[in-house]
Amino acid sequence: MPSEYWDAVEDARTPESQEVFRNLTAITPYNKALIWDNRDRVLVELGQLCT
């Protein structure tokens, strides 16, 4: 593995409060805000990934 990977793993061991994202979306079939295709995959608009 590249050293950048291990550096990121080490950094993630002790997250600082400003690094913790608290607005997560549960990816479950019960979440009606998600759109699923016929192969049980969640569909995402590219614009949503950038916000």
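Located above this text is the structure these notes cover.
Residues numbered from 1 in each chain as written. Predicted model: local features only at pLDDT ≥ 70, side-chain atom pairs only at ≥ 80, totals over all residues. Heavy atoms only, no water.

Engineer: Talk me through the overall build of the protein; I want residue IDs and the actual numbers.
Structural biologist: On a plain count of helices and strands, the protein comes out with 2 helices and 2 strands. Start at the N end of the protein and walk to the C end: the helices and strands fall as α-β-β-α. When the 51 residues of the protein are sorted by exposure, 6% land in the buried category. By element, 56% of the accessible surface of the protein is carried by carbon and sulfur atoms, the whole surface being about 5300 Å². (Helix = DSSP H or I, 4+ residues; strand = E, 2+ residues; numbered from the N terminus. Buried < 20%, exposed > 50% of the residue type's maximum accessible area, 1.4 Å probe, protein only. Areas by Shrake-Rupley, 256 points an atom, 1.4 Å probe, with all protein chains shown as cover.)

Engineer: Got a sec to walk through the pattern of salt bridges? Specific residues and values, please.
Structural biologist: Opposite charge on two side chains makes pairing possible when the charged atoms of those side chains draw close. If you walk through the whole model with that rule in mind, you get 2 salt bridges. Linking Glu10 and Arg13 is a salt bridge whose minimum nitrogen-to-oxygen distance equals 3.1 Å. Linking Glu10 with Arg13, this pair stays in helix α1 (residues 3–13), spanning 3 residues, or about one helical turn. Overall, the relative accessible area of 47% leaves Glu10 in the partly exposed class. What makes Arg13 exposed here is its relative accessible area of 59%. (Salt bridge = Lys/Arg side-chain N within 4 Å of Asp/Glu carboxyl O.)

Engineer: Residue-level account of the environment of Ile27, with values.
Structural biologist: With respect to the helices and strands, Ile27 occurs in the loop between α1 and β1 (35–36). Of the residues examined, Ile27 reaches a relative accessible area of 60% and is grouped as exposed. Between the alpha carbons of Ile27 and Val42 there is a distance of 8.0 Å; along the sequence they are 15 residues apart. Excluding residues within four positions of it along the chain, Ile27 makes contact with Leu34, Trp36 and Val42. (Contact = heavy atoms within 4.5 Å.)

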